[in-house]
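Structural overview
Next come the chains, spelled out residue by residue.
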Amino acid sequence: MSAPLLPTTVVGSYPQPDWLVDRALLAKGVPRVRVHELWRVPETFLEQAQDDATLLAIRDMERAGIDIITDGEMRRESYSNRFATALEGIDNDHPATIVNRSNRSVQVPRVVARIRRTHPVEVRDMAFLRRNTDRRAKITLPGPFTMAQQVKNEFYRDDEEMAMDFAAAVNAEARDLQAAGADVIQFDEPWVRNDPQAAKRYAVKAINRALEGLTVPTVVHVCFGYAAVVNEKPTGYAFLPELAGTIAAQISIEAAQPKLDLGVLKDLSGKQIMLGVIDLGDRTIETPEEVAARIRAGLRYVGADRLIPAPDCGMKYLPREVAFGKLAALAAGAGIVRRELS
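Conventions used here
Residues numbered from 1 in each chain as written. Predicted model: local features only at pLDDT ≥ 70, side-chain atom pairs only at ≥ 80, totals over all residues. Heavy atoms only, no water. Helix = DSSP H or I, 4+ residues; strand = E, 2+ residues; numbered from the N terminus. Rg over C-alpha atoms; globule rule 2.2 N^0.38 Å. Buried < 20%, exposed > 50% of the residue type's maximum accessible area, 1.4 Å probe, protein only. Contact = heavy atoms within 4.5 Å. Areas by Shrake-Rupley, 256 points an atom, 1.4 Å probe, with all protein chains shown as cover. Lys, Arg positive; Asp, Glu negative; His and termini not counted. Charge placed at Lys NZ, Arg CZ, Asp CG, Glu CD. Bend = angle between axes of the 7 residues up to and from the residue. Core = buried A, V, L, I, M, F, W, Y, C linked by side-chain atoms within 4.5 Å. Pairing = 2+ DSSP bridges. Axes fitted to C-alpha atoms, helices over the stretch in contact; angles between N-to-C directions. Parallel < 35°, antiparallel > 145°, perpendicular 65-115°, else oblique. Left-handed = near helix turned anticlockwise from the far one by under 90°. Nonpolar A, V, L, I, M, F, W, Y, C, P; charged D, E, K, R; others polar. Phe/Tyr/Trp six-rings, centres within 6.5 Å; stacked < 30°, edge-to-face > 60°. Salt bridge = Lys/Arg side-chain N within 4 Å of Asp/Glu carboxyl O.

Here we look at the overall build of the protein chain
Assigned secondary structure in the protein chain consists of nine helices and ten strands. Over its C-alpha atoms the protein chain spans a radius of gyration of 19 Å, differing by no more than 12% from the 20 Å that the globule rule assigns to 342 residues. Each of the three principal axes of the protein chain carries a C-alpha extent, and together these read 55 × 45 × 40 Å. Counting the 342 residues in the protein chain, one finds 60% classified as buried. Within the protein chain, contacts between residues separated by at least 24 positions form 76% of all contacts whose residues are at least 6 apart in sequence. Just so you have it, the protein chain exposes about 13,600 Å², and 47% of that area is on carbon and sulfur atoms. Both charge centroids of the protein chain, one from 44 positive and one from 46 negative side chains, sit 2 Å from each other.

Here it is, written out as structure tokens:
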């Protein structure tokens, strides 16, 4: 299915059913290590249950009218740990405890040897999605800079060297995802705004290494964190213009909740913009007219052929009925603006 003008999409995740995950445990944070106790279904039946949940997510996105869908990330405990902890060189069984920038103790994997991808991680996920929809299909991977920020380095001489090995692993996975039928591949890089000085040194280099050889449209997603986890959000990005130097076709930004000054989009004039027009910090479902107004605001800076309306971030932490309502409003709002442009 070809995409219309102003094609709608999701960032990645969709709410996992209560029968699949312990949502009270999920609400405690975004895990870096594996949290097997999160799953309510015994290991023997877990893959089957995750497949069923994925079908629910696919059908919800289709019913809502979304043009470019994902698998809802139903098989993931967080956006990053499924892939990151599957790599050789990562010790997930004996994690380190660090204090993050919010002064909270967080368990993270230890890097104890050279990072390598020894087997596919999300390829079955992509193949399942491809078999079960005729919509354009996107799959997401954690970006190399972000993964390097979410571990304790006990092997590499510096974090840049480690990030480049993460990039090689991401690239190998992304190439296989493309072969499995991905129409769009997205790298999630929220941590570039947490450490902009390190990001300025090597984030673009690592992202471009991860993107090497891909021929489908690619996206770099940056945000201020899940609304359920991060309440106070800045109104501007510390690291955004630099992403113009990536070879990604699209940059995905959070704009609705933080009320971002969209003038920053001028710095990304060579990119398509995946614009967050759905506020995930407010469980009130937007009206299509509210969504249309946010899309029109983006069109002051980005041509309609370069704008892709989306939620601010992943929808994992929302109630399912709220997430569905917001996606339906997204599709309807984009439809209003399309008709105005026709």
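Considerations on helix α7 (residues 196-211)
Y202 marks the point of greatest bend in α7, at about 55°. Burial in α7 covers these residues: P196, A198, A199, Y202, A203, V204, A206, I207, N208, A210 and L211. Looking at the buried positions of α7, the neighbouring elements they touch are α5 (144-149), α6 (159-179), β6 (184-188) and β7 (218-222). Downstream of α7 by one or two residues, G213 has phi in the positive range, about 80°.

Observations regarding the nonpolar core
Core analysis: the biggest nonpolar cluster contains 107 residues, and F166, I185, F187, I253, I273, L275 and L327 have the highest contact counts within it. If near-sequence neighbours (up to four positions away) are discounted, L327 is found in contact with V10, Y14, M61, A64, I66, P311 and M315. One finds V219, M274, I308 and A310 within the second-largest nonpolar core, a separate group that totals seven residues.

Details of the sheet that holds strand β5 (residues 152-153)
Ordered by their spatial adjacency, three strands build an open sheet running β2-β3-β5, and the pairing between neighbours is mixed. The two strands at the open ends of the sheet, each matched to only one other strand, are β2 (88-99) and β5. As defined by bridge partners, strand β3 (residues 105-116) adjoins β5 across two bridges and the pair is classed as parallel. Each bridged residue has a counterpart across the sheet, and for V111 the counterpart in β5 is N153. Lying on the sheet, α6 is in contact with β2, β3 and β5; it crosses β3 at an angle near 75°.

As for the packing of helix α2 (residues 43-64) against helix α4 (residues 123-131)
Close contact between α2 and α4 brings their axes to 11 Å; oriented N to C, the two are set at 45°. Here α2 lies oblique to α4, going by the angle between them. Here α2 and α4 pass one another in a crossing that is right-handed. On the side of α2, the interface is formed by E47, D51, T54, L55 and I58, while α4 contributes R124, F128 and L129. Grouping the amino acids of the contact of α2 with α4 by side-chain chemistry returns four nonpolar, one polar and three charged.

Considering the sheet that holds β7
The seven strands lie next to each other as β1-β4-β6-β7-β8-β9-β10, forming an open sheet whose pairing is parallel. Two strands lie at the open edges of the sheet, namely β1 (68-69) and β10 (307-311), each paired on one side alone. Pairing of β7 with strand β8 (residues 250-253) involves four bridges; the strand directions are parallel. Counterpart to H221 in the pairing with β8 is S252.

Focus on the packing of aromatic side chains
Scanning all chains against the criterion turns up two aromatic pairs. The interplanar angle of 50° and the centroid separation of 5.4 Å between the aromatic rings of F145 and Y202 together place this pair among those described as tilted. With F145 in helix α5 and Y202 in helix α7, the pair connects residues that are 57 residues apart, well separated along the chain. Like Y202, F145 is buried.

Thoughts on the environment of G65
Position of G65 among the secondary structure elements: in the loop between α2 and β1. Once the C-alpha coordinates of G65 and L327 are considered, the two residues, 262 residues apart in sequence, prove to be 7.7 Å apart. Other than its neighbours up to four places away in sequence, G65 contacts T8, R135 and A331.

Comments concerning the pairing of strand β4 (residues 136-142)
With respect to burial, β4 is a largely interior element, six of its seven residues being buried. Both β1 and β4 contribute to a ladder of two bridges, which runs parallel. Along β4, the bridge assignment pairs I69 with A137. Of the strand pairs in this sheet, β4 and β6 are connected by five bridges, and their pairing is parallel. Bridge pairing in β6 places L141 opposite F187.

Structural notes on the pattern of salt bridges
Here the structure, examined in full by the defined rule, presents 28 salt bridges. Put simply, D67 and R338 hold a salt bridge, and the shortest N to O gap is 3.0 Å. Taken together, the positions of D67 in the loop between α2 and β1 and R338 in helix α9 (residues 320-341) put the pair 271 residues apart, joining distant regions of the chain. Accessibility expressed as a relative area gives 22% for R338, which makes it partly exposed. Residue K326 pairs with E286 through a salt bridge whose shortest N-O separation is 2.9 Å. Linking K326 in helix α9 with E286 in the loop between β9 (272-278) and α8 (288-299), this pair joins segments that are 40 residues apart in sequence. Of the two residues, K326 and E286, neither departs from the other in class, the shared state being buried. One network of salt bridges, in which partners are shared, links E47, D51, D71, R75, R82, R124 and D125.

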